[in-house]
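Tertiary structure, described
Now for the letters of each chain:
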Amino acid sequence: MTRISTRYLAKRLIVSYLTLLVIMTILFVLIRSMPGTFISQMITPEMKPAQIARLQEQWGLNEPLWRQYVDFMINYQTGNFGRSPTKQVPVWDIIIRRFPRTIILFGAGFVISYTVGPLVGMYLGWWRGTNKDKFIYTSGLTMYSMPAFWISWLFIWLFDYKLQWLKSAYMVDQFGIQDWTPMVAMGSILHHIALPLFSIAFVGWVGSMLVMRPSMNNVTGEDYVFLARAKGLSERTVLMKHAARNALIPVATQAIVGLAFLVDGSVIIEQVFSWPGIGDMLVSAVFAQDYPITQAAFFLLAVMIITMRLVTDIAYTFLDPRIKFGGE
């Protein structure tokens, strides 16, 4: 029997889709509840009422609210995000340029955090109560309590202004380089991404460690661990193949929460480091009351988190052989 139930998978896809529709509805209501409209930026005192009416018609603001809602739901599910009134270009053009930059930075931060954190938590849980465990656990809690923006400013002050080792603004060098080759561009990106990436990973690894440590400690008393030891398997084999694999299940769940926090943190980190990604774009769009950009950014983030939640459910079946996707 397959461990992935096709019927249950279809049910989860339907639930995920309905969740996305609810999020889109809430997003539509919240954006329309903001004071004023984005065409307020375009209206000048010299404009006549007829010109303002044409402007509203051009951007669909003269339609009834229910009609705007229907158009919004249809267009966004077909990938039609419209044009940005402040940039005067299709929203997709802006997102295509910005989204990969956010994925590069926060994807790397996510991978580092959820590689280092579970590994550290695995060893701390296996040898819980030792002096090394107490020191790393206490240090991790201290890091976890620090605000992300404060850590970022501290690293900027230390590594940029004082030591001048790393760059703290933008994605590449803005001036002084005339001959842009692939190697020069890659070196410039690495020089600029190191500091924001370090800021993300400095705090990000602790969350997964705090989940992995007690989970690892719990599985050490399970029968299958004692059985593996009784077979004469090495301590490393018992740790990695039998104990750690099952202890990773709560970490997989927490990874979705961690991803959401990274998405939230993208606004702060990108603003602090002037990183030209989705978070920086989102802040600018909100202040400019640019509905199309704001809605598209939140929509894509919602799609990403819902998709990750579904992928995590499927991943459970590979982390723990006892679990069937959609089984009892």
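Residues numbered from 1 in each chain as written. Predicted model: local features only at pLDDT ≥ 70, side-chain atom pairs only at ≥ 80, totals over all residues. Heavy atoms only, no water.

1. Some points on the packing of helix H1 (residues 6-32) against helix H3 (residues 65-77)
Any two packed helices are characterised by the angle at which their axes cross and by the distance between the axes. Taken N-terminus to C-terminus, the directions of H1 and H3 make an angle of 135 degrees; their axes are 11 Å apart at the nearest point. Between H1 and H3, the angle falls in the class oblique. Handedness of the crossing formed by H1 with H3: right-handed. For the pair formed by H1 and H3, the contact residues are Tyr-17, Leu-21, Met-24, Thr-25, Leu-27, Phe-28 and Arg-32 on the first element and Leu-65, Gln-68, Tyr-69, Phe-72, Met-73, Tyr-76 and Gln-77 on the second. The residue inventory of the contact of H1 with H3, partitioned by class, reads 10 nonpolar, three polar and one charged. (Axes fitted to C-alpha atoms, helices over the stretch in contact; angles between N-to-C directions. Helix = DSSP H or I, 4+ residues; strand = E, 2+ residues; numbered from the N terminus. Parallel < 35°, antiparallel > 145°, perpendicular 65-115°, else oblique. Left-handed = near helix turned anticlockwise from the far one by under 90°. Contact = heavy atoms within 4.5 Å. Nonpolar A, V, L, I, M, F, W, Y, C, P; charged D, E, K, R; others polar.)

2. Here we look at helix H6 (residues 148-162)
Residue pairs spaced three or four apart in an α-helix point in one direction, given the helix's 3.6 residues per turn. Across its 15 residues, H6 extends 20 Å between first and last C-alpha, which sits within 8% of the 21 Å expected from 1.5 Å per residue. If you check which residues of H6 are buried, you get Ile-151, Ser-152, Phe-155, Ile-156, Phe-159 and Asp-160. (Expected span 1.5 Å × (residues − 1). Buried < 20%, exposed > 50% of the residue type's maximum accessible area, 1.4 Å probe, protein only.)

3. Observations concerning the side chain of Asp-290
With respect to the helices and strands, the residue Asp-290 is situated in the loop between helix H10 (278-287) and helix H11 (291-319). A polar contact of 2.6 Å, which involves the side chain of Asp-290, links it to the side chain of Ser-84. (Polar contact = N/O pair within 3.5 Å; in protein donor to acceptor, adjacent residues only side chain to side chain.)

4. What to know about the nonpolar core
Ranked by internal contacts, the top residues of the largest apolar core, which has 25 residues, are Met-24, Phe-72, Tyr-76, Phe-81 and Phe-299. Every element with two or more residues in this core is listed here: H1, H3, helix H4 (91-126), H10 and H11. Sort the elements by how many residues they give to this core and H11 lands first, with eight residues. Not counting residues up to four positions away in its chain, the partners in contact with Met-24 are Phe-72, Met-73, Tyr-76, Gln-77 and Phe-299. Phe-106, Met-143, Leu-195 and Phe-273 belong to the second-largest nonpolar core, a separate cluster that totals 22 residues. (Core = buried A, V, L, I, M, F, W, Y, C linked by side-chain atoms within 4.5 Å.)

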